[in-house]
Amino acid sequence: MLTQLKTTTAVAEEVKTKVSHADWAARELKTLRRSKLEDLLQAIHEAEEWLTKFQDFHLYDRAEPTGSLLPKIERLSGLYFPELKPLTQAYCQLYRAMTVDVLQASQELIGKGKTLQARLEVDTKFRQAWQPKYGQQLANIAAIENAANKLMTDLVGG
């Protein structure tokens, strides 16, 4: 009887330890995901600033920006937020298309010469193509932020 009680107690303690560890691991994962969600949103907003600097560099001879944040956005989304991945993929795909537009406008400007008239022509054409994409990108960001808000509520409340 005593042996059976010791065995039962040992099994109960082992189960208690495993449950406690699983609970701790779940809390740690939620904490990590909350932190990484903030990092993801910060990277998206910094990427928008980078895109403006990229455009300024290629079209208006301003300072060259340092590295793009797209790899960080894709990495964070892929590792921590598979539920956000379709939204971040749409964002990244359009972001790449917008950088191509900047490069094409830059090449056109170089080909025409960087006169004031050439700059006005290229800028007008560029803006006409850019504005709809920019509007869509703002919608992509809003969709990511809305999904992130819901996810954060789940992480904090759940």
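Scroll up to find the structure.
Predicted model, so just to flag it, every value in this text is computed and none were measured. Every residue gets a number counted from 1 within its own chain, in the order that chain's sequence is written. At least 70 in pLDDT is required for a residue's local features to be given in this predicted model, at least 80 for side-chain atom pairs to be given and counted, and no such filter applies to totals for whole chains, interfaces and linings, which use all residues. Just so you know, side-chain values use all the structure's heavy atoms and leave hydrogens and water out.

*Asks:* Pulling in residues and values, what's your account of the packing of aromatic side chains?
*Replies:* A pair of aromatic rings is counted whenever rings of Phe, Tyr or Trp (Trp by its six-membered ring) have centres within 6.5 Å, and the orientation is called stacked for planes under 30 degrees apart, edge-to-face for over 60 and tilted otherwise. Enumeration over the complete set of coordinates arrives at five aromatic pairs. Considering the side-chain rings of W50 and Y95, the 6.1 Å spacing of their centres and the 25° angle between planes classify their relative orientation as stacked. In this pair, W50 sits in helix α1 (residues 2–60) while Y95 sits in helix α3 (residues 85–112), placing the two residues 45 residues apart along the sequence. By way of ring pairs, the aromatic residues W50, F54, Y91 and Y95 are connected into one cluster. The helix count covers DSSP runs of H or I at least four residues long, the strand count covers runs of E at least two residues long, and both are numbered beginning at the N terminus.

*Asks:* Just give me the short version of helix α4 (residues 116–157), but keep the residues and values in it.
*Replies:* For α4, built from 42 residues, the straight-helix expectation of 62 Å at 1.5 Å per residue is met to within 8% by its first-to-last C-alpha distance of 57 Å. A residue's bend is given by the angle between axes fitted to the 7 residues ending at it and the 7 residues starting at it. A maximum bend of about 30° is found in α4 at W130, where proline P132 lies one to four positions downstream. Residue burial is assigned from relative accessible area. The probe radius is 1.4 Å, only protein chains are included, and a residue is buried under 20% of its type maximum, exposed over 50%, and partly exposed in between. Regarding α4, the residues found buried are A118, V122, F126, W130, Q137, N140, I141, I144, A148, L151 and L155. The span expected for a helix works out to 1.5 Å for each residue beyond the first.

*Asks:* Can you explain empty space enclosed by the protein? Please cite residues and give values.
*Replies:* For cavity detection a 1 Å grid was placed over the protein atoms alone, and a set of points counts as a cavity when a 1.4 Å probe fits there but cannot get out; an open set counts as a pocket when protein lies on both sides within 12 Å along at least five of seven lines, with lining residues being those that have an atom within 4 Å of a point. Grid points are joined across faces, edges and corners, and a volume is the space filled by probe spheres set on the points. Applying the stated criterion across every chain, the model contains one cavity of 30 Å³ or more. The space that makes up the largest cavity amounts to roughly 50 Å³. Lining the largest cavity are L59, Y60, L109, R119, V122 and D123. Mapped by element, the contributors of at least two residues to the lining of the largest cavity are α1 and α4. The dominant element in the lining of the largest cavity, judged by the number of residues it contributes, is α4, at three residues. Each residue is assigned to one class: nonpolar for Ala, Val, Leu, Ile, Met, Phe, Trp, Tyr, Cys and Pro, charged for Asp, Glu, Lys and Arg, and polar for all the others, Gly among them. The residue inventory of the lining of the largest cavity, partitioned by class, reads four nonpolar, no polar and two charged.

*Asks:* Can you tell me about the nonpolar core, naming the residues and giving the values?
*Replies:* Nonpolar cores were defined as sets of buried Ala, Val, Leu, Ile, Met, Phe, Trp, Tyr and Cys residues, with membership established by side-chain atoms within 4.5 Å. Of all hydrophobic cores here, the largest spans 32 residues; its most connected members are L37, L40, I44, L51, I73, Y91 and Y95. Residue assignment for this core shows that the elements contributing at least two residues are α1, α2 (70–80), α3 and α4.

*Asks:* Residues and numbers for the environment of Q107, please.
*Replies:* Of note, Q107 is situated in helix α3. For Q107, a relative accessible area of 54% gives the class exposed. Counting along the chain gives 15 residues from Q107 to V122, while the straight-line C-alpha distance between them is 9.8 Å.

*Asks:* Give me the lowdown on the packing of α3 against α4, citing residues and values where you can.
*Replies:* Taken N-terminus to C-terminus, the directions of α3 and α4 make an angle of 170°; their axes are 10 Å apart at the nearest point. Regarding the angle of α3 to α4, the classification is roughly antiparallel. Classifying every residue of the contact of α3 with α4 by side-chain character gives 19 nonpolar, four polar and seven charged. Lines fitted to C-alpha atoms define the axes, with helix axes restricted to the stretch in contact, and inter-axis angles between N-to-C directions lie between 0 and 180 degrees. Should an angle lie under 35 degrees it is considered roughly parallel, over 145 roughly antiparallel, and from 65 to 115 roughly perpendicular; all remaining angles are considered oblique.

*Asks:* Residues and numbers for α2, please.
*Replies:* Every buried residue of α2 is accounted for by L70, I73, L76 and S77. Looking straight down α2, one finds that the buried residues subtend no more than 135° of arc, so they occupy a single side. Here, the arc refers to the directions that run from the helix axis to the C-beta atoms.

*Asks:* I'd like to hear about the packing of α2 against α3, residue by residue, with values.
*Replies:* At a minimum axis distance of 10 Å, the contact between α2 and α3 shows a crossing angle of 165°. With respect to their mutual orientation, α2 and α3 come out roughly antiparallel. Crossing angle aside, the handedness with which α2 passes α3 is left-handed. Side by side, α2 and α3 meet where L70, I73, E74, S77 and G78 of the first sit next to K85, T88, Y91, C92, Y95 and R96 of the second. Class assignment for the residues of the contact of α2 with α3 results in five nonpolar, three polar and three charged. Whether a crossing is left-handed or right-handed is set by the direction in which the near helix is turned from the far one by less than a right angle, anticlockwise for left-handed and clockwise for right-handed. Whether two residues are in contact is decided by their heavy atoms: any pair within 4.5 Å suffices.

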